Amino acid sequence: MWPTSSTSNNAGAALPPRPVLDAVTGHLAREAAIGGYEAAAEAAERLADVYDAVATLIGARPDEIAVVENATRAWDMAFYAVPFRAGDRVITARAEYLSNYLAFLQMKARVGIEIDVVDSDASGQIDLAALEHAIGPRTKLIAITHVPGRGGLVNPAADVGRIAERHGLLYLLDACQSVGQLAVNVRPIGCHMLSAAGRKYLRGPRGTGFLYVRRDTIGRLEPPFVDLHAATLTDADTYVVRDDARRFENWERYIAGQIGLGVAARYALKIGIDAIEARSKRSVRCYGASSRSDPA
Ligand SMILES: Cc1ncc(COP(=O)(O)O)c(C=O)c1O
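Here's a quick rundown of the structure.

## Examining the overall build of the chain
Reasoning step 1: In terms of helices and strands, the chain carries eleven helices and nine strands.
Reasoning step 2: Here the C-alpha radius of gyration of the chain, 19 Å, is about what a compact globule of 296 residues would show, namely 19 Å.
Reasoning step 3: When the backbone C-alpha atoms are referred to their principal axes, the chain occupies close to 60 × 60 × 30 Å.
Reasoning step 4: The buried share of the chain, taken over its 296 residues, is 48%.

Written out as structure tokens, the structure reads:
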């Protein structure tokens, strides 16, 4: 029998549903038969649909989506694109994902930013009053994790978005564990950037992830590195960076996985993200997860 999602470790790497598996293996077979570039050209429509499907899933536009290798790389492409200067401050929460915190430390060592870690409230969520209190004139970014990998905590992402908006701050949301599990819509959340993985609750292939960057924010963020996909050489000394979120992508990619990611997003949309969220919440009640703010 084909296993259901409830038997898999979705917080680690979920069991892909049959349509995802078929899409990936089907494309790999075409690559073996006719060549990688030829197979990609043949699959142009399915590749384009990945952006539509992922955008629909999170309430974004296709040109606000970059498809990358994993959630960490998606987050990195956003974080390292922020033009930090010495003395700028980043606010985060207790339950921030470790790789993200390492990046804060690297930027602190490299550029001289400061990190403000906001305490949790009694429920384990980020304390919103403490967050508001931590904001100062040099605060540049709020970066938090929506749902850590363990413990059952769900941070109030939209409340944080309203605070970021009120203070005119950039807001980066790590939605690695929430996309595909909960109804995540970037508009009511109000984040400027959101990162997610394919292989977790979306049940897509490993080696896939995506970044959302709000349309009005894309031009403010120069990617940390560019290649001939992200930018065009205009003469020997100049280049222009493309003006959609695909400036955060790179040229060579796991095409079969990308197609599988699109199929996974369509699969989730077909079931209905509200139905998935309701089912996830029932499972949490069954297995008795708590709202502790364990490290992500
Ligand atoms: C909250 C959170 N963010 C980011 C990541 C990293 O995702 P990836 O392994 O796809 O880079 C994880 C992985 O477990 C995670 O739990």
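There's more to say after this.
## A word on helix α3 (residues 44–58)
Reasoning step 1: Compared with an ideal rise of 1.5 Å per residue, which puts 15 residues at 21 Å, α3 spans 22 Å between its outermost C-alpha atoms and is within 8% of the ideal.
Reasoning step 2: All buried positions along α3 are accounted for by Leu47, Val50, Tyr51, Ala53, Val54, Ala55, Leu57 and Ile58.

## Re helix α4 (residues 71–79)
Reasoning step 1: For α4, the tally of buried residues reaches seven of nine residues, placing the bulk of the element in the interior.
Reasoning step 2: Restricting attention to buried positions, one finds in α4 the residues Ala71, Ala74, Trp75, Asp76, Met77, Ala78 and Phe79.
Reasoning step 3: For α4, the side-chain oxygen to backbone nitrogen distance between the N-cap and Thr72 is 3.1 Å, and the N-cap itself is Asn70.

## Some points on the packing of α4 against helix α5 (residues 98–111)
Reasoning step 1: Relative to each other, α4 and α5 sit at 30°, their axes nearing to 11 Å. Taken as axis vectors, α4 and α5 run roughly parallel relative to one another. Regarding α4 and α5, the two cross each other, and that crossing is right-handed. Residues Thr72, Trp75 and Phe79 of α4 form the contact with α5, whose participating residues are Ser99, Asn100, Ala103, Phe104 and Met107.
Reasoning step 2: Here the contact of α4 with α5 is built from residues that sort into five nonpolar, three polar and no charged.

## Here's the deal with the site of the ligand
Reasoning step 1: Around the ligand sit Asn70, Ala71, Thr72, Tyr97, Thr145, Val147, Asp174, Cys176, Gln177, Ala197, Arg199 and Lys200, and those are all the residues in its vicinity.
Reasoning step 2: Measuring from a nitrogen atom of the ligand, one finds a side-chain N or O atom of Asp174 at 2.7 Å.
Reasoning step 3: Considered on its own, the ligand offers 400 Å² of accessible surface; in the complex 88% of this is hidden by protein.
Reasoning step 4: By residue class, the composition of the shell around the ligand is five nonpolar, four polar and three charged.

## Digging into the nonpolar core
Reasoning step 1: Counting residues in hydrophobic clusters, the biggest one holds 43 residues, and the most contacted among them are Ile58, Ile65, Ile142, Tyr171, Val179, Leu194 and Phe210.
Reasoning step 2: Top element by residues in this core is α3. It accounts for seven residues.
Reasoning step 3: Counting 27 residues, the second-largest nonpolar core is a separate cluster that includes Ala66, Ala81, Ala143 and Val213.

## Notes on the pairing of strand β4 (residues 139–145)
Reasoning step 1: Of all seven residues making up β4, six are buried, and the element is well covered by its neighbours.
Reasoning step 2: Bridge analysis of strand β2 (residues 89–93) against β4 gives three bridges, and the strand direction is parallel. Residue pairing across strands places Val90 opposite Leu141, the latter belonging to β4.
Reasoning step 3: What joins β4 to strand β5 (residues 170–174) is helix α7 (residues 157–167), and the crossover it makes is right-handed.

## Looking at the packing of aromatic side chains
Aromatic ring pairs are described here by two measures, namely the spacing of the ring centres and the angle between the planes.
Reasoning step 1: Across all of its chains, the model carries seven aromatic pairs by this definition.
Reasoning step 2: On the basis of an interplanar angle of 80° and a centroid distance of 5.2 Å, the ring pair of Phe79 and Tyr80 is categorised as edge-to-face.
Reasoning step 3: Here the aromatic rings of Tyr101 and Phe104 are separated by 6.0 Å at their centres, their planes lie at 85°, and the arrangement is edge-to-face. With a gap of three residues between them, Tyr101 and Phe104 both fall in helix α5, about one helical turn apart.
Reasoning step 4: For Tyr101, a relative accessible area of 30% translates into the label partly exposed.
Reasoning step 5: Phe104 sits in the buried class, given a relative accessible area of 0%.

Quick notes on the rules
- Residues numbered from 1 in each chain as written.
- Predicted model: local features only at pLDDT ≥ 70, side-chain atom pairs only at ≥ 80, totals over all residues.
- Heavy atoms only, no water.
- Helix = DSSP H or I, 4+ residues; strand = E, 2+ residues; numbered from the N terminus.
- Rg over C-alpha atoms; globule rule 2.2 N^0.38 Å.
- Buried < 20%, exposed > 50% of the residue type's maximum accessible area, 1.4 Å probe, protein only.
- Expected span 1.5 Å × (residues − 1).
- Polar contact = N/O pair within 3.5 Å; in protein donor to acceptor, adjacent residues only side chain to side chain.
- Axes fitted to C-alpha atoms, helices over the stretch in contact; angles between N-to-C directions.
- Parallel < 35°, antiparallel > 145°, perpendicular 65-115°, else oblique.
- Left-handed = near helix turned anticlockwise from the far one by under 90°.
- Contact = heavy atoms within 4.5 Å.
- Nonpolar A, V, L, I, M, F, W, Y, C, P; charged D, E, K, R; others polar.
- Near = heavy atom within 4 Å.
- Areas by Shrake-Rupley, 256 points an atom, 1.4 Å probe, with all protein chains shown as cover.
- Core = buried A, V, L, I, M, F, W, Y, C linked by side-chain atoms within 4.5 Å.
- Pairing = 2+ DSSP bridges.
- Right-handed = clockwise from strand over helix to strand, strands pointing away.
- Phe/Tyr/Trp six-rings, centres within 6.5 Å; stacked < 30°, edge-to-face > 60°.

Geometric values such as these leave the question of function open.
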